[in-house]
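Structural characterization, general
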Amino acid sequence: MPTELHTNFTGLDFVNPFVLASAPPTESKRKILKAFEVGWGGVVTKTIGLHPVENVAGPKTIYQRASETKPYVSRIKRPDTVSHSSWNWELISDQPLDLWLPDLEEIKTTYPDRMLIGSIMAGAGGEEEMDNWRKLATSCVNAGCDALELNMSCPHMDRKDMGAHIANDEEIIKSILKAVTSVVDVPIWVKLTPSSSSLVEGAAAAYAAGASSISLCNTFPSLPLMDPETMKFEVEVDGLVTSGGLGGLAILHQSLQRVSDISRAFPDKSISGIGGIRGFREAFNFIVHGAGNLQVCTAAMEEKGSGGIGVKLIQELKDDLSDYLQRNNYSSIEAFRGVARERIVEHSKVRRKSDDYTGGYAK
Ligand SMILES: Cc1cc2nc3c(=O)[nH]c(=O)nc-3n(C[C@H](O)[C@H](O)[C@H](O)COP(=O)(O)O)c2cc1C
């Protein structure tokens, strides 16, 4: 029986709109089965690819916490801190496609009512790479994936034809969608990088080429902090570091801005909101800007005793959303989805004390 938490997103029935994002919480069959057992409405698998993957010889993710006392933001364990962000330089899944496929099949057979979205990534340097997209897409869909999320946003690739590097290139976005939509018939979500200066144009290209939804945001390119006493970065290997991805609460407001930009440009299109969701209030904010689906990563990974999949978190998200819907007599999130759109305006449209301001232009 559908409840008020039920949502239809990109033609798929979600028992609730809360989805574990592509990341360590969805890196294995064991974790995904557990995630469904505890109530997540869907998962986007850790990104699956065909190229060689080898992670750095050190920690792949750190959790930074904020405090009223020095150091204000650090991974250093201290009393009375609250979560600030995750920082990671993890690559996509190192489990090969051949091992993923039977796992995907078992997951979908065990939980037919939960949405299984396969995240895939290949390159863009020619027809061979388009074949890789086609192979990944057909294999995942044949194994039971309800939808695909095309990773065009991984911030950790040296290859210039992969991940976040391609998100500025509308022709590449279109050619990848053409390759994928020519071989599968499921909804295609496209995960774009928030660091692109042409996000709206990238989203336009993706929607026009058949994307059912845009997923935003992947982590924001960033550097870890250096300790002034030790001269070490809070995460490094042999003294070296590289640009990694910031996630968690610290990216909430910037992620909302990106979702709002896309949602206002394409109000009739679907968007999946990601970035800094820790509870209902953050999820609510993505929904009022137009998101019809909510993805969570850092908060699930950080929940102690949950095996990194957010056991209490999903219960709380469902309870708080349900409570909010009932108190307001809303039948679903559709009742308030997108209501903030018209209230985001140009700076000069916000009332001044006089009527004279013209947005900085001379009269
Ligand atoms: C350790 C780690 C690994 C990740 N791996 C992937 C990945 O393989 N594919 C992908 O699309 N996003 C990946 N992400 C990004 C997340 O899916 C998500 O977009 C981002 O963390 C923002 O959400 P959050 O603020 O809830 O963490 C990863 C994030 C983290 C922290």
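Just so you know, these numbers come straight off a predicted model, no measurement behind them.

**Brief notes about the site of the ligand**
Looking at the ligand, there are 28 residues lining it, with Ala21, Asn88, Gly247, Cys297 and Thr298 nearest. Elements with a minimum of two residues in the shell around the ligand: strand S8 (82–88) and helix H8 (298–302). Each residue belonging to the shell around the ligand can be placed in one class, and the counts come to 11 nonpolar, 14 polar and three charged.

**Description of the pairing of strand S10 (residues 147–152)**
Residues in a regular strand project their side chains so that they alternate between the two faces of the sheet. Among the six residues in S10, six count as buried, and that is most of the element. Residues Ala147, Glu149 and Asn151 of S10 are buried on one face, and the alternating residues Leu148, Leu150 and Met152, pointing to the opposite face, are buried as well. Both strand S9 (residues 115–121) and S10 contribute to a ladder of four bridges, which runs parallel. Bridging from a neighbouring strand, Ile117 pairs with Ala147 of S10. Note on the crossover from S9 through helix H3 (residues 127–142) to S10: the handedness is right-handed. As judged from the five bridges shared by S10 and strand S11 (residues 188–192), these two strands associate in the parallel manner. Note on S11: the bridge partner recorded for Asn151 is Lys191.

**Let's talk about the UniProt feature "domain: Dihydroorotate dehydrogenase catalytic" (unreviewed entry) in the protein chain**
Residues annotated by UniProt as "domain: Dihydroorotate dehydrogenase catalytic" (unreviewed entry) correspond here to residues 119–319. Across residues 119–319 one finds 37% helix and 17% strand; the C-alpha atoms that close the span lie 28 Å apart.

**Re the sheet that holds strand S7 (residues 73–74)**
Read across the sheet, five strands follow the order S7-S6-S8-S14-S13 without closing on themselves; strand pairing throughout is antiparallel. Because the sheet does not close on itself, it has two edges, and the strands there are S7 and strand S13 (220–222).

**As for the packing of H3 against helix H4 (residues 170–181)**
Between H3 and H4, the least distance of the axes is 8 Å, while the angle of their chain directions is 45°. By the angle class used here, H3 and H4 are oblique. In the packing of H3 onto H4, the handedness of the crossing is right-handed. Mapping the contact onto sequence places Met130, Trp133, Arg134 and Ala137 in H3 and Ser175, Ile176, Ala179 and Val180 in H4. Looking at side-chain class alone, the contact of H3 with H4 contains six nonpolar, one polar and one charged residues.

**Notes on the packing of H4 against helix H5 (residues 199–208)**
Two elements in contact, H4 and H5, have axes separated by 9 Å at closest approach and are oriented at 25°. As judged from the angle between their axes, H4 and H5 are roughly parallel. Here the hand of the crossing between H4 and H5 comes out right-handed. Of the residues in H5, those in contact with Glu170, Ile173, Lys174 and Leu177 of H4 are Glu201, Gly202, Ala205 and Ala206. When grouped by side-chain class, the residues that make up the contact of H4 with H5 number four nonpolar, one polar and three charged.

Rules of the game
Residues numbered from 1 in each chain as written. Predicted model: local features only at pLDDT ≥ 70, side-chain atom pairs only at ≥ 80, totals over all residues. Near = placed C-beta within 6 Å. Helix = DSSP H or I, 4+ residues; strand = E, 2+ residues; numbered from the N terminus. Nonpolar A, V, L, I, M, F, W, Y, C, P; charged D, E, K, R; others polar. Buried ≥ 20, exposed ≤ 12 C-beta atoms within 10 Å, placed from the backbone. Pairing = 2+ DSSP bridges. Right-handed = clockwise from strand over helix to strand, strands pointing away. UniProt positions renumbered as here; feature names shortened; annotations may be inferred. Axes fitted to C-alpha atoms, helices over the stretch in contact; angles between N-to-C directions. Parallel < 35°, antiparallel > 145°, perpendicular 65-115°, else oblique. Left-handed = near helix turned anticlockwise from the far one by under 90°. Contact = placed C-beta atoms within 7 Å.

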